[in-house]
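# Breakdown of the fold
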Amino acid sequence: MLTSGWKTVSMVDVHGKVTFTLWLCGCNLKCPFCHNWRVAEGRDCLPLDRVTLLDELSSSSFLVDYFHITGGEPLMQWAELSSLLAESEELLPISLNTNLTLVGPMERLLKAEFVDHIATDLKAPPQELYGLPQEASKHLWELFLRGLDLVSDYGIPLELRIPVARGFEQWPWIEEGLKHVRTDFYVVLNPLVGAPLTSPRDGAWCSEHCWPGEEVEKLKEKLTEIGIKVHVNDFSE
Ligand code: SF4
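Notes on the structure follow. Since the model is a prediction, treat every value here as computed from it, not as a measurement. (Residues numbered from 1 in each chain as written. Predicted model: local features only at pLDDT ≥ 70, side-chain atom pairs only at ≥ 80, totals over all residues. Heavy atoms only, no water.)

## Thoughts on the environment of Ser 10
The condition that has to hold: Think of it this way: any DSSP run of H or I at least four residues long counts as a helix, any run of E at least two long counts as a strand, and we number them from the N terminus. In what follows, a contact means two residues having at least one pair of non-hydrogen atoms within 4.5 Å. Polar contact is the term for a pair of N or O atoms within 3.5 Å; when the atoms are in protein, one must be able to donate a hydrogen and the other to accept it, and sequence-neighboring residues count only if both atoms are side-chain atoms.
One can find Ser 10 in strand E1 (residues 2-14). Beyond its immediate sequence surroundings of up to four residues, Ser 10 is in contact with Lys 17, Val 18, Thr 19 and Thr 21. At 2.7 Å, the side chain of Ser 10 and the side chain of Asp 13 are in polar contact.

## Details of the packing of aromatic side chains
Applied cut-off: For Phe, Tyr and Trp, where Trp contributes only its six-membered ring, two rings pair if their centres lie within 6.5 Å, and the inter-plane angle classes them as stacked under 30 degrees, edge-to-face over 60, or tilted in between. In this scheme, a residue with accessible area under 20% of its type's maximum is buried, one over 50% is exposed, and one in between is partly exposed, where area comes from a 1.4 Å probe on protein chains only.
Enumeration over the complete set of coordinates arrives at five aromatic pairs. The interplanar angle of 80° and the centroid separation of 5.8 Å between the aromatic rings of Phe 20 and Phe 67 together place this pair among those described as edge-to-face. In this pair, Phe 20 is assigned in strand E2 (residues 17-24) and Phe 67 in strand E4 (residues 66-70), connecting sequence segments 47 residues apart. Accessibility classification places Phe 20 together with Phe 67 in one group, the buried group. When the centroid spacing of 6.3 Å and the interplanar angle of 40° are considered together, the rings of Phe 33 and Trp 205 count as tilted. One end of the pair, Phe 33, is in the loop between E2 and helix H1 (37-40); the other, Trp 205, is in helix H8 (residues 203-209), and 172 residues separate them in sequence. Looking at Phe 33, the relative accessible area reads 10%, which means it is buried. Following the ring pairs from residue to residue traces out a cluster consisting of Phe 33, Phe 168 and Trp 205.

## A short note on the nonpolar core
To keep it simple, the criterion reads: Residues belong to a common nonpolar core when they are buried Ala, Val, Leu, Ile, Met, Phe, Trp, Tyr or Cys residues joined through side-chain atoms within 4.5 Å.
Counting residues in hydrophobic clusters, the biggest one holds 67 residues, and the most contacted among them are Phe 67, Ile 69, Leu 81, Leu 96, Met 106, Leu 189 and Leu 223. Ranked by residues supplied to this core, first place goes to helix H6 (residues 134-153) with eight residues. With residues up to four places along the chain from it excluded, the contact list for Leu 81 reads Met 1, Leu 24, Ile 69, Pro 74, Leu 75, Leu 96 and Leu 109.

## What to know about helix H9 (residues 214-225)
Note the following rule: Multiplying 1.5 Å by the residue count of a helix minus one yields the expected span of that helix. Along the arc lie the directions from the helix axis toward the C-beta atoms.
Spanning twelve residues, H9 covers 17 Å between terminal C-alpha atoms, matching the ideal 16 Å at 1.5 Å per step. All buried positions along H9 are accounted for by Val 216, Leu 219 and Leu 223. Buried residues of H9, viewed axially, fall in a sector of 70°; they line one side. Exposed side chains of H9 directed beyond 90 degrees from the buried face belong to Glu 214 and Glu 225. Here the buried face of H9 lies against strand E7 (158-164), helix H7 (171-178), strand E8 (185-191) and strand E9 (230-232). In the stretch just after H9, Gly 227 is the one whose phi turns positive, near 85°.

## Considering the sheet that holds E8
Here is the rule: Two strands are said to pair when DSSP picks up at least two bridges between them.
Strand order across the open sheet formed by nine strands is E3-E1-E2-E4-E5-E6-E7-E8-E9, with mixed pairing between neighbours. Edge strands, defined here as strands with exactly one partner in the open sheet, are strand E3 (46-47) and E9. Across two bridges, E1 lies against E3 in antiparallel orientation. In the strand pairing of E3, Leu 2 is matched with Pro 47.

And the structure:
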């Protein structure tokens, strides 16, 4: 299992919660704004030292709310992840940050009752934010919607993150995605940030579409109007 490391106590990975966060390598998407693209591409990754990880997880467990697994896309290594979760589920509730397009592996983990919380990005429009050809993006968006249905069917609490970009009409996609959410959830608006704060995969794309302005407030207003609880991450401060 390849990892780029873990952090024993983090206060920024799940809204309002303290987590022990593990980053797993690999990803099936190529998001142009991704600032974890080295992890997503499997660079700077090492085999997971499971014994040390579980040891540290055990000694930190009294301090944290969730064992949070992120990446990259953790479900790229779902078989090993499944066995890691089997070993760690007694220690802490588990939170998974996934792009929700690997529906089969997701369902296996849900069936095994390993997952207590999901965080996912609603990336809109997908043909822009997935960084893949149009047809592939369309297919992945359909899978994402199925992923939302699945999480709802299992009643898993959801942190629905929306990366806010500049220069796109994001609302129709958001509306479509929300129709598939039937579980306890809240929205976190993440304005996309680029240099100098991060080093995104595609700097040229980001100079055009990162650092949104009024888009953030507009989306917040629309979501609030329809009764959705919204938090905004302000990375510019
Ligand atoms: S933002 Fe997430 S889903 Fe997109 S490439 Fe990066 S790790 Fe993968």
